[in-house]
Amino acid sequence: PLGQAVSVLVTDGERYGYFDGARLESGDLSESTLRERVGLALDAREAVELLLAAPAVASAFPRAAFRIDSELWVELDGWRLCIDPAGELAALEALDARGKLRWRARYLGWRDVPGGRYPEALSIEFPRTHVAVRLRLARVELNAVLAPERFRVPEVRR
């Protein structure tokens, strides 16, 4: 609100730093870090793939494919992808071992950006926790060169 960060989570892939608006903490990154800190039921690898709209599962062998209206849905082990009529990723769904929805990401408004193509809007839903995230992006640059210091996890002084 008012241009201020409410919370910030950074990671270098091994450790994390989290500021909740009142205090700073850091520790070893685990599969539960995002769920415990910000209520998002996904691990760090899934978060990166989801935010980049580039799931590694897209290269897996499909179990089934079907059409709903003009969309192509592809089922993979633990995943479902939706491809729109233009051939762009429209939705990505993560399923648990019983086939129940863990989370769903929807991608809208694909456009050319520096470094490739990216959607202008992204929404993520977590049905079990009733958490939803909606992002509208004004400026995107894919594969930008960023200094390693941007991913430095701050140490908490006690």
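The shown structure was predicted, so the numbers you read here are calculated from the model rather than taken from an experiment. (Residues numbered from 1 in each chain as written. Predicted model: local features only at pLDDT ≥ 70, side-chain atom pairs only at ≥ 80, totals over all residues. Heavy atoms only, no water.)

**Student:** What's the story with the sheet that holds strand β2 (residues 15–19) in this structure? I'm lost.
**Tutor:** Where strands meet in a sheet, backbone hydrogen bonds hold them as pairs that are either parallel or antiparallel. Spatial strand order, β1-β2-β3: three strands in an open sheet with antiparallel pairing. Every other strand in the sheet has two partners, leaving β1 (8–11) and β3 (24–28) as the edge strands with one partner each. This sheet shows a mean twist of 15° between the axes of neighbouring strands, independent of strand direction. Of the pairings in the sheet, the one linking β2 to β3 comprises five bridges and is antiparallel in character. From the neighbouring strand, Gly17 faces β3, where its bridge partner is Ser26. (Pairing = 2+ DSSP bridges. Helix = DSSP H or I, 4+ residues; strand = E, 2+ residues; numbered from the N terminus. Axes fitted to C-alpha atoms, helices over the stretch in contact; angles between N-to-C directions.)

**Student:** Would you explain the side chain of Glu93 in this entry?
**Tutor:** Tracing the sequence through the fold places Glu93 in strand β7 (residues 89–95). Classification of Glu93 by relative accessible area gives buried; the value is 4%. A polar contact of 2.6 Å, which involves the side chain of Glu93, links it to the side chain of Arg80. Side-chain polar atoms of Glu93 contact the side chain of Arg104, separated by 2.8 Å. Residues contacting Glu93, with those up to four places away along its chain left out, are Trp73, Gly78, Trp79, Arg80, Leu101, Trp103 and Arg104. (Buried < 20%, exposed > 50% of the residue type's maximum accessible area, 1.4 Å probe, protein only. Polar contact = N/O pair within 3.5 Å; in protein donor to acceptor, adjacent residues only side chain to side chain. Contact = heavy atoms within 4.5 Å.)

**Student:** Just checking my understanding: could you explain unusual backbone geometry for this structure?
**Tutor:** A negative phi holds for most residues other than glycine; trans holds for most peptide bonds. At Ala53, a residue that is not glycine, the phi angle is positive and equals roughly 55°. When you line up the elements, Ala53 lands in the loop between α2 (44–52) and β4 (64–68). By relative accessible area, Ala53 is classed as buried at 11%. Even without glycine at this site, Asp69 takes up a positive phi of about 55°. Turning to its location among the elements, Asp69 is positioned in the loop between β4 and β5 (71–76).

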